[in-house]
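Inside the fold
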Amino acid sequence: MRADETLQLLGSEQAKSLMVKLYGEKQAEENTERYRQMVMKFKETYGDRDILMFSSPGRTEISGNHTDHNHGKVLAGSINLDCVGVAARNDSSVVNLVSETFNQKFSIDIKDLEPSERKAGTEDLVRGLLQGFQESGYEIGGFDAYITSNVISSAGVSSSASFEMLLCSMINTFFNHGRMDTVAYSHVGKYAENIYWDKASGLLDQMACAVGGLITIDFKDPAAPVVEKIDFDFSSQGHSLIIVQTGKGHADLSADYSSVPAEMKKVAEYFGKEVCAEITEEQVIGNLKGVREFAGDRSVMRALHFFEENKRVEAEVAALKEGRFQDFLEGITASGNSSWKWLQNCYTNAAYQEQGITVALALTELFIKDKKKGACRIHGGGFAGVIMAMLPDDIVEEYVEYIEAALGEGSAYRMSIRPYGAICVNEVMEG
């Protein structure tokens with residue numbers, strides 16, 4: 001489908017319906033215009049070719065904070081911020097990519113997919129994705145792509161995974177006849193980050209971006225995680241999800257992030273196991289003296305958080321399925337309290353006077369206490385960065401004004417859960 005035909009498609013009833021599902025009533029038209037602009041920019045850059053449109057969302061973690069790396073359970077959702085791309089096969093061995101958001105333009109020959117010495121940046125990530133496809137037994141080839149993203153970076157909504165899953169959707173559509181599933185996408189993204197970025201990431205971010213909608217994931221078998229889509233319409237409850245950036249800390253947080261899985265695994269090691277999913281809470285409590293001596297007290301607290309957080313995910317999923325929304329909100333609050341008190345990832349001891357997350361949580365808790373409505377928790381890895389609030393629509397604007405007065409203009413982002421993950425937009429429109 002050439003540019004003019006694609007622009008006509010974007011004006012169709014199918015397109016209007018999909019845009020509302022992806023972005024909501026208020027933002028559907030502006031995002032349709034975003035796609036139109038991308039089609040024209042692709043044409044200006046690469047010429048008038050048969051093209052396809054793609055979209056891959058960011059994600060939000062609703063419960064299951066720091067559980068995936070110890071093979072636990074997570075409740076997550078795809079959001080209405082996304083990576084959008086227009087792409088076409090070029091029948092060569094070269095991938096040409098323009099990233100409008102980051103002002104990047106580069107080419108990669110699929111015959112040379114070795115990572116650079118620095119193992120960082122978008123080019124290495126794309127090489128890793130291409131190599132990941134080959135390592136997994138899938139086909140790759142040359143294509144041209146023009147990409148933009150409004151997924152907020154450094155906000156715990158997985159801008160990198162959104163980009164990765166967009167590229168996976170393109171490569172699957174162009175070269176693999178759409179035969180890959182979203183679990184395969186996720187393993188390719190994980191491979192690229194692990195090997196080409198030296199980043200010890202799991203599968204959570206990629207899974208939530210790839211699958212779409214509200215999902216629960218059980219990572220007990222990380223090679224084949226169990227994914228279940230939860231049929232629940234948040235908008236029907238009159239609540240919005242708000243992500244608040246609390247400011248970036250100045251400390252290097254690498255050691256803090258690494259300590260969480262390592263300390264949980266230390267507790268499992270006492271019992272001759274690798275991860276906390278292989279032991280029970282009762283075992284830890286029943287052998288507490290020995291575990292404390294072997295692993296340390298913070299390790300014990302983090303393991304207890306793991307067990308209780310797994311139970312909370314199960315309880316929140318049940319509450320959503322049974323229409324008990326207030327119980328679901330109480331679960332979010334309990335998850336946040338556990339992260340703060342038991343998991344202890346709301347600030348770093350290396351810079352304890354920097355507590356952007358705890359300040360934002362305290363202010364939000366005061367707001368919720370006054371309104372007697374809503375829930376909040378830390379969002380993502382922690383130690384600095386981002387919190388999440390879920391509030392009734394009628395008080396969202398007041399909250400945004402309140403929290404931005406304290407933390408700075410533009411620090412709060414209102415989001416919604418979208419029903420689609422990484423998709424070829426044309427295929428969805430055409431049924």
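This write-up is about the structure you can find in this document. Only a predicted model underlies this, so the values are computations on that prediction, with no experimental measurement involved.

With respect to the pattern of salt bridges
In the structure shown here, the tally under the stated rule is 32 salt bridges. We note a salt bridge from E193 to K199, for which the minimum N-O separation is 3.7 Å. Judged by its relative accessible area of 39%, K199 is partly exposed. Two residues, K371 and D370, come together in a salt bridge whose shortest N-O distance is 3.9 Å.

Quick look at the packing of aromatic side chains
When we look at a pair of aromatic rings, we describe it by the centre distance and by the angle of the planes. Scanning the model with the defined rule gives 17 aromatic pairs in all. Summarising the aromatic geometry, the rings of F174 and F175 are spaced 6.0 Å apart at their centres and angled 65° between planes, so their arrangement reads as edge-to-face. On the basis of relative accessible area, F174 is assigned to the buried category, the value being 10%. Exposure remark for F175: the relative accessible area of 11% places this residue in the buried category. On the numbers, 5.3 Å between centres and 35° between planes, the contact of F367 with Y402 is tilted. Taken together, the positions of F367 in helix α13 (residues 356-371) and Y402 in helix α14 (residues 393-407) put the pair 35 residues apart, joining distant regions of the chain. Overall, Y402 belongs to the partly exposed group, its relative accessible area being 30%. Above the plane of the ring of F294 lies K266, whose end atom (NZ or CZ) is 4.5 Å from the centre.

Looking at unusual backbone geometry
The phi torsion at Q344 lies on the positive side, around 60°, for a residue other than glycine. For Q344, the location among the structural elements is in the loop between α12 (325-343) and α13. Taking relative accessible area as the criterion, Q344 reaches 30% and is therefore assigned partly exposed. Even without glycine at this site, K372 takes up a positive phi of about 60°. Tracing the chain through its elements places K372 in the loop between α13 and β9 (375-378).

Considerations on the side chain of Q206
One can find Q206 in helix α7 (residues 204-211). On the accessibility criterion, Q206 (1% relative accessible area) is buried. There is a polar contact of 3.3 Å between the side chain of Q206 and the side chain of E193. Setting aside its immediate chain neighbours within four residues, Q206 contacts A161, E164, M165, S186, G189, K190 and E193.

Re the pairing of strand β6 (residues 214-218)
Strand residues, when the strand is regular, have side chains that alternate between the two faces of the sheet. Within β6, 4 of the 5 residues are buried, which leaves it mostly tucked inside the rest of the structure. As paired elements, strand β2 (residues 73-89) and β6 share 5 bridges and run antiparallel to each other. Its bridge partner being in β6, L75 is matched across the sheet by T216. In terms of strand pairing, β6 meets strand β7 (residues 226-230) through 5 bridges, oriented antiparallel. Its bridge partner being in β7, I217 is matched across the sheet by V227.

Notes on the side chain of R302
Along the polypeptide, R302 turns up in helix α11 (residues 297-321). Residue classification places R302 among the buried positions, given a relative accessible area of 0%. In contact with R302, other than residues within four places in its own chain, are S259, V260, E263, M264, W342, L343, Q344 and F383.

Things to note about the packing of α11 against α12
Running from N to C, α11 and α12 cross one another at 170°; their axes reach a closest spacing of 9 Å. Overall, the two elements α11 and α12 adopt an arrangement that is roughly antiparallel. Residues M301, R302, L304, H305, E308, E309, R312, E316, A319 and L320 of α11 touch α12, and the partners they reach there are F325, D327, F328, G331, I332, A334, S335, S338, S339, K341, W342 and L343. By residue class, the composition of the contact of α11 with α12 is 10 nonpolar, 5 polar and 7 charged.

Quick notes on the state of the cysteines
According to the stated counting rule, one finds 0 disulfides in the structure shown. Unpaired in this structure, C276 has its nearest cysteine sulfur neighbour in C346, at a distance of 19 Å. The buried category is assigned to C276, whose relative accessible area is 0%. Cysteine C346 shares no disulfide, and the gap to the nearest cysteine sulfur, in C376, comes to 9.9 Å.

Quick word on the nonpolar core
In this structure, L130, F133, F143, I147, F163, L167 and M170 are the most contacted members of the largest nonpolar core, which totals 39 residues. Those elements that place two or more of their residues in this core are β2, β3 (94-99), β4 (104-109), α4 (121-135), β5 (143-149), α5 (159-175), α6 (182-196) and α7. Core analysis: the next-biggest nonpolar cluster, separate from the first, contains 26 residues, F234, V313, V317 and M388 among them.

Considering helix α2 (residues 13-23)
Of all the residues in α2, the buried ones are A15, L18, M19, L22 and Y23. Down the axis, α2 shows its buried residues gathered within 105° of arc, on one side only. Considering only its buried residues, α2 is in contact with α1 (3-10), α3 (28-46), β1 (52-63), β2, β12 (423-424) and α15 (425-429). At the exit of α2 stands G24, carrying a positive phi of roughly 90°.

What counts and what doesn't
- Residues numbered from 1 in each chain as written.
- Predicted model: local features only at pLDDT ≥ 70, side-chain atom pairs only at ≥ 80, totals over all residues.
- Heavy atoms only, no water.
- Salt bridge = Lys/Arg side-chain N within 4 Å of Asp/Glu carboxyl O.
- Buried < 20%, exposed > 50% of the residue type's maximum accessible area, 1.4 Å probe, protein only.
- Phe/Tyr/Trp six-rings, centres within 6.5 Å; stacked < 30°, edge-to-face > 60°.
- Helix = DSSP H or I, 4+ residues; strand = E, 2+ residues; numbered from the N terminus.
- Lys NZ or Arg CZ within 6 Å of the ring centre and 35° of its normal.
- Polar contact = N/O pair within 3.5 Å; in protein donor to acceptor, adjacent residues only side chain to side chain.
- Contact = heavy atoms within 4.5 Å.
- Pairing = 2+ DSSP bridges.
- Axes fitted to C-alpha atoms, helices over the stretch in contact; angles between N-to-C directions.
- Parallel < 35°, antiparallel > 145°, perpendicular 65-115°, else oblique.
- Nonpolar A, V, L, I, M, F, W, Y, C, P; charged D, E, K, R; others polar.
- Disulfide = S-S within 2.5 Å.
- Core = buried A, V, L, I, M, F, W, Y, C linked by side-chain atoms within 4.5 Å.
- Arc of directions from axis to C-beta.

Read these as geometric descriptors, not functional statements.
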